[in-house]
Amino acid sequence: MLKGKTVIVGVTGGISAYKTADIVSRLNKLGANVWVVMTNAAKEFVSPLTFRTISKNPVITTLFGEELANSAVPHISLSQKADLIIVAPATANIIGKLAQGMADDALTTIIMSSVCPKIIAPAMNTKMWENPIVEENCSKLKTVGFNFCEPEVGLLACGDEGSGRMSEPKTIVERAVEFLTKKEKQKDDKKDLVGKKILVTAGGTQESIDPVRFIGNRSSGKMGYAIAKAAADRGAQVVLISANSNQTAPLNTTLIYADSSQAMYEEVMKHRHDNNVIIMAAAVADYQPKIQFFQKLKKDEDEFSLDLKKTKDILEELGKSKNGTYLVGFALESDNLIENAKEKLIKKNLDMIVANEPSAFGDDYSEISIVDKNDRIEHFCKAKKEDLAHRILDRIFIS
Ligand code: CTP
């Protein structure tokens with residue numbers, strides 16, 4: 001599958017460096033030409049001989065070593081050959097160095113001089129991973145095109161439990177295959193949804209308090225708009241019902257604005273029977289003011305409380321009489337992601353639910369888990385919402 005592809009695997013100093021041997025082995029079995037580059041700290045954890053044996057290529061450990069003695073400018077020659085660079089495990093140190101543009105050893109120099117896609121698989125203690133400086137460095141790298149295979153939550157080598165464990169080798173290699181084969185991209189260009197009718201909701205509703213104030217949420221609408229665009233690009237007939245969002249209307253979609261939960265309820269009910277699939281990506285308010293004031297409220301009192309009542313749950317309503325419509329919901333959960341998503345899937349009688357975390361709000365990237373009614377769970381590493389939109393459509397229509 002990866003014949004003719006050159007992959008550089010950068011290994012930095014973390015205990016999960018032993019798992020990188022599995023990554024190299026998997027890539028090798030898929031036919032890739034794998035070159036391992038190790039930092040000094042990495043050598044403390046795994047011997048270069050291990051990687052040399054598995055990759056069947058010399059292991060690069062210094063900028064001026066013998067490994068690439070035949071080429072005039074070794075780091076340039078290798079980085080130009082590469083179709084993909086993976087750094088696994090990536091410590092806080094390498095992330096910091098890359099974010100600052102440093103090139104003081106073989107690995108950083110090779111990365112700095114390369115133009116191919118890069119996948120970073122961080123691994124570190126939870127406190128380090130959550131350190132705002134590390135977070136800022138990661139964001140900076142993401143904005144210049146680095147791809148992240150976000151660490152998983154679990155028991156760490158230091159005994160702590162939390163986020164920071166390197167993503168599984170299998171996941172990292174799947175991501176690598178995606179980049180290297182561009183299979184998914186080619187599929188995204190196909191017109192495979194011609195004849196399908198899809199209703200997508202997007203954005204965050206605003207529940208009016210008085211003429212100038214409302215209860216709202218931080219949804220940007222990016223995910224819903226990306227799904228609508230992806231579906232239209234693939235030939236589907238798309239109705240996009242949008243609450244508040246500053247996204248541009250995608251081409252070839254029918255865009256209907258519905259700024260409040262009630263307006264969205266009415267529009268969805270109006271169009272529900274014309275569609276084969278309904279994807280509720282909108283962040284619909286759960287509560288709305290009991291009374292809506294038509295004059296601007298004055299700040300007469302020191303304290304003020306607002307009575308709220310539940311809004312109509314649009315998805316739950318749709319789930320009561322589906323008539324063959326395939327129903328997709330989103331679940332935004334700060335904890336027990338999969339468990340809570342499954343509960344919503346059952347409660348609302350959905351066919352599929354896309355679970356994500358609040359950090360995805362407003363961001364161009366998201367990390368999602370797709371759970372379907374047959375209890376099949378699929379996790380997608382952090383990726384652009386445009387790409388995830390295609391993966392969601394693939395799961396609905398292809399598998
Ligand atoms: N949803 C809806 N109507 C509502 C509230 C939510 O159709 N009044 C839909 C959302 O569009 C989403 C799914 O229900 O697809 C789940 O929304 P979420 O906010 O995650 O969950 P809730 O059901 O609102 O429950 P909670 O806020 O308690 O987690």
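Residues numbered from 1 in each chain as written. Predicted model: local features only at pLDDT ≥ 70, side-chain atom pairs only at ≥ 80, totals over all residues. Heavy atoms only, no water.

Enquirer: Just to check I follow, could you spell out the packing of helix H5 (residues 92-99) against helix H8 (residues 132-143) for this structure?
Expert: Helices that pack against each other are described as a pair by the angle of their axes relative to one another and the distance between those axes. Where H5 contacts H8, the two axes come as close as 9 Å, and the packing angle between them is 50 degrees. If you check the angle between H5 and H8, you find them oblique. As for how H5 packs across H8, the hand of that crossing is left-handed. Of the residues in H8, those in contact with Ala92, Ile95, Gly96, Leu98 and Ala99 of H5 are Val134, Asn137, Cys138, Lys140 and Leu141. Here the residues of the contact of H5 with H8 are counted per class, giving seven nonpolar, two polar and one charged. (Axes fitted to C-alpha atoms, helices over the stretch in contact; angles between N-to-C directions. Helix = DSSP H or I, 4+ residues; strand = E, 2+ residues; numbered from the N terminus. Parallel < 35°, antiparallel > 145°, perpendicular 65-115°, else oblique. Left-handed = near helix turned anticlockwise from the far one by under 90°. Contact = heavy atoms within 4.5 Å. Nonpolar A, V, L, I, M, F, W, Y, C, P; charged D, E, K, R; others polar.)

Enquirer: Mind showing me how you'd approach the sheet that holds strand S4 (residues 118-122) here?
Expert: Pairing between sheet strands relies on hydrogen bonds along the backbone, with the strands arranged either parallel or antiparallel. Pairing is parallel in the open sheet, where five strands are placed in the order S2-S1-S3-S4-S5. Across the chains shown, the open sheet's two edge strands, defined by having one partner strand only, are strand S2 (33-38) and strand S5 (147-148). Here strand S1 (residues 6-11) runs beside S2; their pairing, made up of six bridges, is parallel. Bridge pairing in S2 places Val11 opposite Met38. On the sheet, helix H1 (residues 17-29) packs against S1, S2 and strand S3 (84-90) and is oriented at approximately 175 degrees with respect to S1. Contacts between helix H3 (residues 48-55) and the sheet are confined to S1 and S2, with S2 contributing the most and set at about 170 degrees to the helix. (Pairing = 2+ DSSP bridges.)

Enquirer: Would you take a moment to explain the UniProt feature "binding site: CTP" (unreviewed entry) in the protein chain for this structure?
Expert: Mapped onto this numbering, the UniProt entry annotates "binding site: CTP" (unreviewed entry) at Asp286, Lys296, Phe330, Lys344 and Lys348. These annotated residues cover 63 residues of sequence, and their C-alpha atoms reach 37.3 Å apart at the extreme, placing them across more than a single site. Here Asp286 is to be found in the loop between strand S13 (277-280) and strand S14 (287-289). Exposure remark for Asp286: the relative accessible area of 54% places this residue in the exposed category. Each residue touching Asp286, except ones within four places of it in the same chain, is listed here: Lys309, Lys310 and Thr311. Note on placement: Lys296 falls in the loop between S14 and strand S15 (308-310). Leaving out residues up to four positions away in the same chain, Lys296 has contacts with Asp210, Pro211, Val212 and Arg213. (UniProt positions renumbered as here; feature names shortened; annotations may be inferred. Buried < 20%, exposed > 50% of the residue type's maximum accessible area, 1.4 Å probe, protein only.)

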